[in-house]
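Notes for the structure review
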There are 2 protein chains.
Amino acid sequence: MSFRSAVFEKEQIKLGDTEEWIVRGGRHLFARLPEALKGVGQIGVIGWSSQAPAQAQNFRESLEGSAIRVKVGLRAGSPSWSAAEAVGFTTANGTLGEMYDVIAQSDLVLLLISDAAQVENYDKIIAALRPGATLGLSHGFLLAHLDSAGKSFPPNINVIGVCPKGMGRSVRRLYEQGRDVNGAGINCSFAVHQDIDGRATDQALAWAVAIGSPCTFETTLTQEYKSDIMGERGILLGAVHGISESLYRWFRSQGMEADDAFLESARSVTAAISKKISQGGLLGVYQSLNPQDQKLFEKAYIASYGPAADLLHEIYDEVESGNEVRSVVSAARRLERFPMHEIADTEMWQVARHPKTNREAGVNPVTAGIYVATMMAQADLLREKGHPYSEIVNESIIEAVDSLNPYMDYRDVAYMVDNCSTTARLGARKWAPRFDYAVTQTVLPTMDHGASSGPAPALFRDFLDSDLHQALSVCLALRPPVEIAVLG
Amino acid sequence: MSFRSAVFEKEQIKLGDTEEWIVRGGRHLFARLPEALKGVGQIGVIGWSSQAPAQAQNFRESLEGSAIRVKVGLRAGSPSWSAAEAVGFTTANGTLGEMYDVIAQSDLVLLLISDAAQVENYDKIIAALRPGATLGLSHGFLLAHLDSAGKSFPPNINVIGVCPKGMGRSVRRLYEQGRDVNGAGINCSFAVHQDIDGRATDQALAWAVAIGSPCTFETTLTQEYKSDIMGERGILLGAVHGISESLYRWFRSQGMEADDAFLESARSVTAAISKKISQGGLLGVYQSLNPQDQKLFEKAYIASYGPAADLLHEIYDEVESGNEVRSVVSAARRLERFPMHEIADTEMWQVARHPKTNREAGVNPVTAGIYVATMMAQADLLREKGHPYSEIVNESIIEAVDSLNPYMDYRDVAYMVDNCSTTARLGARKWAPRFDYAVTQTVLPTMDHGASSGPAPALFRDFLDSDLHQALSVCLALRPPVEIAVLG
């Protein structure tokens, strides 16, 4: 992949044995936004949940002084109306309106409503769009839905994606920090899915630069949704939950006290292991251990890699075939009759919420071996499927250790699972138990049997020698110079 | 539904508020088979796994003295060739041949190869079939696959189903017992999916009578595959495994010894609870308890019914949308790279295989409440979806308590999950962890909180007053007068 921009400079980076082009952002580029957005008189930002408040405010601020208007569109009667008014998007000044009106008036429409709402209102949204307008998405779910239903976007619009690698709150907070700290902001991937007038690439890059992305990578909307939907079912949410549940029980069954079992399982991942990865990569975790613990890490890694890869391939195939998205749409229809119950009522999460110790979690070598093996298996799978390294590294590692795990460390894993998007919440509930069973039924018994024969040493050498470590260290260096996680 | 037969008498039965027509079988009807199979010179039985050896031998024996030949068709080089020869299907006497030759020569083709093989070889099989021939299935999976891929059977053949409600070994053993014990045999459902010449119904009934079905119920092939694929993912396999795992841990966490925890969870279901249901229906389980245990049963029932219904609806929707079948086909393709590991390595199944006690399992009231609630939820769901009561009762209750649970009691649940058909094995591995988490995360905490408010009493009154109990007792009375389960 190699894009062309008439407005922004691109720069080549080497990730493993591949080369990618990126665009560095910064406030000095805001002056170029009108040129990149030539022909755009109004940008409609639709919705007001997670990404919309951040992106609408950032975009407006970045375009200050230009003739381009940013206008928020909401459902008639939406409870978010007053929240938008509170930050200056008002009907009085003409920057707030009914969503279909705003869609119909805008040249660039950022569709930032929930996955379910995008699917449910798709026909009306498309009917409202001007021919020649650009539809912008921050996530490929809608394309995944169309693919699963054998449909496609109408041919008379541009379709682009700009996908921030962090929560909406971080997108806003880091943008604000960017006023003082050069390079603060959330990195984005971008994708051009349909380009009918040759303007789509510069519109996408302008969008990324305008919301504060310090470093923008290219992907396709298809690769984006596959890695995103798979990632949250895998290492980002489903796997971390399932692995924690299984290990907590395992430590308990060995006679460990409840608080300690929690610290050695879930907390070890979300605190110590994540910090080590964030600072020194995956190898850094291994290298930080003493020789005896390194052996344990290796044993856990070898026992885990295969079962994790098996499950992750299943998830990827389910996403690729459209099954996973059809399941989400169908589950959403059942929610009224069968609301999702919370998962935090079990012993582990009650312990998490009422700790009796203030000991800090360290790197448990078994927990680390299992977690890192699962992370590697996800990265290797995405590589095998042709995803760009920038996406692999962000979706499988950086988002976990810099954004989600710190949040789960501040609250807890169960809280996160109970409070994320419906798509992610359904996915985590579906796949966490599978990871749990894989660890319980296969990984831990394999470790107990002490078997270390067959392909094992090669498997671990593959880990030590992987290209991924170099790619990760390049991408870690491209991170913003401020903390991404919002903790409070 | 009401079928017409020119050869066999039908009889009306009342199940709940519905009426169904059945055909009673018996050896005195074998003389009518040639009339019912008019125009059929050869019956091809394709495959030699579970159903084929039983059905081929039964059909041949029932047609003795007629001009109709039963010929077995196998893959060239199939290792089953000698097994078929050993029971008299030989190339020498012209009753054994290469499968596509046999398909091409036969007027009625019983396609009894594995689900995966049916899907993989579908085009060749269809190409080999004579126009005007009848394709016979013992399970709706192939139709499920065609539905999921938006295809259908060619219009120039009959398509029928005869689905024995027991394993192949039982179909053969009870047929043999039927020589001496009047009414011994495995009940079947039958379905006419395509009838191009008006002969399909009598062919299906003849097939059922010929393989020894003492009582044959009508369904559709679509209803059959939905209830069958869902049933094995639900109460028959997935649910019984997941519930057992969760309850075993729960009893252990309360300080129970390993052997006792096993007896109170898995073993209580597969032994005592199943026997009680088989003898006295679902109400019989409840009525057998003392008042204090009845309270516990009620509490467990109320806590479980909703979470179980939630999951079962998800499974049903996944089967109906084709997702589940697409998943099976896609998983089968991954098996070479990622073979299924066994699940029996965990503590519970090691305890099961090396018991330290010879105490027998009783009806644990909590285990019984959860299990019966899940069974009820499955039956209620199938009723809501319009399945006939005969199918509901057989697929949700009788198959469990008379066939599968006794087998799982003889071996164990994990052994069953590790040794059933690939379709069922994949399904159980996918859904058991979900049932486990539903019990662990919702049912047990709800019971602990002691909440018994809201719709609870009505929910339990619905159980006590359900039509299902009458339907079950009618169907239990229609069972063969010999033990169905083969234990050894």
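So, here is what we can say about the structure in this document. (Residues numbered from 1 in each chain as written. Chains lettered and ligands numbered in written order. Predicted model: local features only at pLDDT ≥ 70, side-chain atom pairs only at ≥ 80, totals over all residues. Heavy atoms only, no water.)

1. Description of helix H22 (residues 468-477) of chain A
For an α-helix, the turn length of 3.6 residues means that residues three or four places apart are oriented alike. The following threshold applies: For the exposure calls, accessible area comes from a 1.4 Å probe over protein chains only, and a residue counts as buried if that area is under 20% of its type's maximum, exposed if over 50%, partly exposed in between. Each helix is a run of H or I in the DSSP string that is no shorter than four residues. Each strand is a run of E no shorter than two, and both are numbered from the N terminus. Arc definition: it is the arc formed by the directions from the helix axis to the C-beta atoms.
Looking only at H22(A), the buried set comprises Leu468(A), His469(A), Ala471(A), Leu472(A), Cys475(A) and Leu476(A). In a view along the axis of H22(A), the buried residues occupy a sector of 160°, so they form one face of it.

2. Considerations on the interface of chain B and chain A
This is how the line gets drawn: The criterion used for residue contact is that any of the two residues' heavy atoms lie within 4.5 Å. Here the quantity called buried area is the total loss of accessible area, with a 1.4 Å probe, experienced by two parts when brought into contact, counted for both. For this document, the term salt bridge refers to a Lys or Arg side-chain nitrogen within 4 Å of an Asp or Glu carboxyl oxygen. Pairs of N or O atoms are called polar contacts if they sit within 3.5 Å, as long as, within protein, a hydrogen donor faces a hydrogen acceptor (for residues adjacent in sequence, only side-chain-to-side-chain pairs).
Facing 36 residues of chain B, the contacting portion of chain A comprises 36 residues. Approximately 3200 Å² of surface area, both sides summed, lies buried where chain B meets chain A, with 50% of it carried by carbon and sulfur atoms. For the pair chain B and chain A, the interface holds 4 salt bridges. Salt-bridge contacts for Glu384(A) lead to Arg337(B); the nearest nitrogen and oxygen are separated by 2.8 Å. There are 19 residue pairs in polar contact (both at pLDDT 80 or more) connecting chain B and chain A. Counting residues per element, the ones that place at least two in the side of chain B that touches chain A are helix H11 (238-253), helix H14 (291-320), helix H15 (323-334) and helix H20 (422-449) of chain B. Counting residues per element, the side of chain B that touches chain A draws most heavily on H20(B), which supplies 12 residues.

3. Let's talk about the sheet that holds strand E3 (residues 42-46) of chain A
Residues and elements named next belong to chain A. Stated precisely, the cut-off is as follows: Following DSSP output, two strands are said to pair if at least two bridges run between them. To obtain an axis, a line is fitted to C-alpha atoms, over the contacting stretch when the element is a helix, and the angle between two such axes runs from 0 to 180 degrees between their N-to-C directions.
Spatially, 10 strands are ordered E1-E2-E10-E9-E8-E7-E6-E3-E4-E5 in an open sheet, and the strand pairing comes out mixed. Two strands in the sheet have a free side with no partner beyond their single neighbour: strand E1 (11-15) and strand E5 (96-98). For this sheet, the mean inter-axis angle between neighbouring strands, taken without regard to orientation, is 30°. Here 3 bridges tie strand E4 (residues 69-74) to E5, and the two strands are oriented parallel to one another. Along E5, the bridge assignment pairs valine 72 with leucine 96.

4. Considering the packing of aromatic side chains
Counted only if it meets this: Two aromatic rings, drawn from Phe, Tyr or Trp (for Trp, its six-membered ring), form a pair once their centres lie within 6.5 Å of each other, and the interplanar angle then sorts them: stacked below 30 degrees, edge-to-face above 60, tilted otherwise. Our definition puts a charge over a ring when NZ of Lys or CZ of Arg is within 6 Å of the ring centre and also within 35 degrees of the ring normal.
Evaluation of the coordinates by the stated rule reveals 30 aromatic pairs over all chains. Taking 6.0 Å as the distance between ring centres and 70° as the angle between the ring planes, the aromatic pair formed by Trp48(A) and Phe89(A) counts as edge-to-face. Linking Trp48(A) in the loop between E3 and helix H2 (51-62) with Phe89(A) in the loop between helix H3 (81-86) and E5, this pair joins segments that are 41 residues apart in sequence. Each member of the pair, Trp48(A) together with Phe89(A), is buried. When the ring of Phe3(B) is compared with that of Phe190(B), the centres are 5.1 Å apart and the planes differ by 85°; the resulting orientation is edge-to-face. Of this pair, Phe3(B) sits in the segment before strand E1 (11-15) while Phe190(B) sits in strand E9 (residues 188-194); the two residues are 187 residues apart in sequence, bridging distant segments of the chain. Residue Phe3(B) shares its accessibility class with Phe190(B), and that shared class is buried. Over the ring of Phe89(A) we find Arg60(A), and its NZ or CZ is 3.9 Å from the ring centre.

5. Remarks on the relation of the copies chain B and chain A
Rules: Fitting of the copies onto one another was done by least squares over C-alpha atoms, counting residues only where both copies have pLDDT of at least 70.
Expressed as a screw transformation, the operator carrying chain B onto chain A has a rotation angle of 180° and an axial translation of 0.0 Å, and the superposed copies differ by an RMSD of 0.0 Å. Accordingly, the operation relating the two chain copies is best matched by a two-fold axis. With an isologous cut-off of 70% or more, the 100% of interface residues of chain B that recur at the interface of chain A puts this contact in the isologous class.

6. Structural notes on the sheet that holds strand E7 (residues 134-137) of chain B
All names here are of chain B. Here we have 10 strands laid out as an open sheet, ordered E1-E2-E10-E9-E8-E7-E6-E3-E4-E5, and mixed in their pairing. Every other strand in the sheet has two partners, leaving E1 and strand E5 (96-98) as the edge strands with one partner each. Within the sheet, the average angular offset between the axes of one strand and its neighbour, ignoring direction, is 30°. Taken together, the 3 bridges between strand E6 (residues 108-111) and E7 define a ladder with parallel strand orientation. Counterpart to valine 109 in the pairing with E7 is leucine 135. Where helix H22 (residues 468-477) meets the sheet, it contacts E1 and strand E10 (215-218), and its direction lies at approximately 140° from that of E1.

7. With respect to the environment of Leu263(B)
Inspection of the secondary structure assignment puts Leu263(B) in helix H12 (residues 258-264). Beyond its immediate chain neighbours, meaning those up to four positions away, Leu263(B) contacts Ser268(B), Thr357(B), Arg359(B), Glu360(B) and Ala361(B).

8. Some points on the packing of H14(B) against helix H17 (residues 365-384) of chain B
Residues and elements named next belong to chain B. To be explicit about the condition: Comment on the angle field: the value is read as roughly parallel under 35 degrees, roughly antiparallel over 145, roughly perpendicular from 65 to 115, and oblique elsewhere. Left-handed describes a crossing whose near helix is turned anticlockwise from the far helix through less than a right angle; right-handed describes the clockwise counterpart.
Axis separation between H14 and H17 bottoms out at 6 Å; the angle between their running directions is 40°. Considering the angle they form, H14 stands oblique to H17. In terms of crossing hand, the pair formed by H14 and H17 is right-handed.

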